[in-house]
Structures are given as C-alpha cells and as structure tokens.
Amino acid sequence: MASSLLARKGRHRQRYDHENYRLVAGCIPYKLKEGTGSLFDRLEVLMISTPNRSDLVFPKGGWENDETIYEAACREVLEEAGVKGIINKRSLGEWVFRSKSSEMNCSPTGACKGQVFALEVTEVLDSWAEQSSHTRRWVPVMNAYSLCRYDWMREALDSFLSLVSGQKISIIADVTAAATNQDLTPPQDITSTDISSMCMIQLPTSTERAIALC
C-alpha cells in the first residue's frame, strides 16, 4: 500500500550558513531489544539503503527555514525510514561532507554541513513517503560500523555509544575490523544494569535534557 505521507521536495526553503554550506540534519534511530544481555548486545540501530548501493546510511536531509533542526531531523527519518520516536537534542556532532552522487546536491561548492541526533524509535510505520527509494534494516550496533558508507557515520556511532553508555567510546579506531566486515568487540565492563532504564538518556540537568517527541 502506498504511503499517505508526502516527502518535501525542492530547495526553496533550504537553509545555508554564512559560508554557503547547505545545512543538513539526520538521526541515528535506535531500539533496545528485550533481554538481559549487555547494552551492546541489545542495542540496534536503523539504517537505510539508497538506490544502486550495497552499503547503508543513516536518514538525513536538508534543514529548511520553517522548522527547527530537531524537527528537520525527525521529518527526514520519517520520510526516509518510516519511523517516529523521541529525539535527544544533544547533537552527536557536526560534519562537513560532499555528495558523491552530485556536487550540486549541496552548496555551490559541493559541500554540506550536517548534525546528527540520537532518536529512540517508538513507532514503525508499514509504509512511508520514500519507501520506493529506501529500504530499512535493523542492525546490531557493533555490526553497523562495517556497513557505514562514510567515516563520519562511524564517528557519529562512536558519539552515539558514548552518549548512551556514559563512557568515552572510540570503536572507529579499529579500522581493520571495520574494513573487513568482522565483528567488533565492545567494551566488556558495560552491562544492562549500567543503563537500567535507558530512557534516552539521563542527562545532567533539566536544561540539558531537552527531549522532544516527534
């Protein structure tokens, strides 16, 4: 059944910064599986395909001038992956990158500047706006590193794991394992009891908590 949702088209509302970078927002959607294993055993992230490619990406797209960056990130994950959830407003980082498919997809210099956020998935739709272009796939978080198309996505995963675990994580340093599609070994001292509620995510103060439902 075709989705009743419509994806935004065109660039007339697109935001650019003072350096003329096209501004982009995206999410790492995630869920925590039932069970008693460690955080890294239970944590899965949602990735999407793009036409004519075997690797995967996280949902992202242009931030428009009639929405906040969090609304843009939630909209993109809904359009591209067909999920809704709770977004954590603490950015996982900001990256500058180029579109390999077409430089003109970004700014006149061919570059985009994007921020990525963690999103706890609460609803999965049966159909979505860009279903014909993107399939979705739940991936164990430790396997996601080897499936990422770009290094900045693996860096975002490190930031994501640091956020949810409360510890500094740098799994991207294991370049060999990621490149050869081998299983990566998570830290052994984080268990499910360390994140008893995992309710996205215990931030230090009420002003930093800044959680929005989308």
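Heads up: the structure comes first, above all this text.
Residues numbered from 1 in each chain as written. Predicted model: local features only at pLDDT ≥ 70, side-chain atom pairs only at ≥ 80, totals over all residues. Heavy atoms only, no water.

### Points about the overall build of the chain
From N to C terminus, the chain includes six helices and eight strands. Sequence-ordered secondary structure for the chain, helices as α and strands as β, is β-α-β-β-α-β-β-β-β-α-α-α-α-β. A total of 214 residues make up the chain; the buried ones form 50% of that total. Long-range pairs, those at least 24 residues apart, make up 70% of the contacts in the chain between residues at least 6 apart in sequence. (Helix = DSSP H or I, 4+ residues; strand = E, 2+ residues; numbered from the N terminus. Buried < 20%, exposed > 50% of the residue type's maximum accessible area, 1.4 Å probe, protein only. Contact = heavy atoms within 4.5 Å.)

### Topic: helix α4 (residues 151-165)
Over its 15 residues, α4 extends 21 Å from the first C-alpha to the last, a length consistent with the 21 Å expected when each residue adds 1.5 Å. In the segment just after α4, G166 is the residue with positive phi, at about 75 degrees. (Expected span 1.5 Å × (residues − 1).)

### Considering the nonpolar core
Ranked by internal contacts, the top residues of the largest apolar core, which has 52 residues, are I28, V45, M47, V141, L157, F160 and L161. The residues contacting V45, other than those within four sequence positions of it, are I28, P29, Y30, F58, R137, W138, V139, V141, A144, L157 and F160. (Core = buried A, V, L, I, M, F, W, Y, C linked by side-chain atoms within 4.5 Å.)

### A few points about empty space enclosed by the protein
For the structure on display, the rule yields one cavity of 30 Å³ or more. In this structure, the largest cavity occupies an estimated 40 Å³ of space. In terms of lining residues, the largest cavity is bounded by V24, A25, G26, K60, F97, G114, Q115, V116 and W152. Listing elements by their share of the lining of the largest cavity, those giving two or more residues are β1 (22-32) and β6 (111-124). In the lining of the largest cavity, the residues fall into five nonpolar, three polar and one charged. (1 Å grid on protein atoms, 1.4 Å probe; cavity = no way out; pocket = protein on both sides within 12 Å on 5 of 7 lines; lining within 4 Å. Points joined across faces, edges and corners; volume = space filled by probe spheres on them. Nonpolar A, V, L, I, M, F, W, Y, C, P; charged D, E, K, R; others polar.)

### Some thoughts on helix α2 (residues 69-81)
End to end, α2 covers 18 Å across 13 residues, agreeing with the expected 18 Å (1.5 Å per residue, within 8%). Taken residue by residue, α2 has I69, A72, A73, C74, R75, E76, V77, L78, E79, E80 and A81 as its buried positions. Those residues of α2 that are buried lie in contact with β1, β2 (43-48), β3 (60-62), β4 (83-88), β6 and β7 (136-140). Backbone geometry just after α2 places G82 at a positive phi near 70 degrees.

### Side note on the environment of S127
Following the sequence through the fold, S127 ends up in the loop between β6 and β7. With a relative accessible area of 13%, S127 lands in the buried category. Along the sequence, S127 and E79 sit 48 residues apart, while their C-alpha atoms lie 9.8 Å from each other.

### What about the state of the cysteines?
Under the criterion given, the structure shown has zero disulfides. Cysteine C27 shares no disulfide, and the gap to the nearest cysteine sulfur, in C74, comes to 5.4 Å. Relative accessible area serves as the criterion here: at 0%, C27 is assigned to the buried category. (Disulfide = S-S within 2.5 Å.)

### Section: unusual backbone geometry
Although it is not a glycine, N20 sits at a positive phi angle of roughly 70 degrees. Relative to the helices and strands, N20 is located in the segment before β1. Even without being glycine, N52 reaches a positive phi, approximately 65 degrees.

### Details of the pairing of strand β5 (residues 93-98)
Only one face of β5 is covered, namely the face carrying G93, W95 and F97; the face carrying E94, V96 and R98 is uncovered. Where β5 lies against β6, six bridges are found, and the strand directions are antiparallel. Pairing of R98 across the sheet is with A111, part of β6. (Pairing = 2+ DSSP bridges.)

### Describing the side chain of H134
Secondary-structure assignment places H134 in the loop between β6 and β7. With relative accessibility at 9%, the residue H134 sits in the buried group. Reaching out from H134, the side chain makes a polar contact with the backbone oxygen of S49 at a distance of 2.8 Å. Excluding anything up to four places from it in sequence, H134 contacts I48, S49, T50, E80 and W128. (Polar contact = N/O pair within 3.5 Å; in protein donor to acceptor, adjacent residues only side chain to side chain.)

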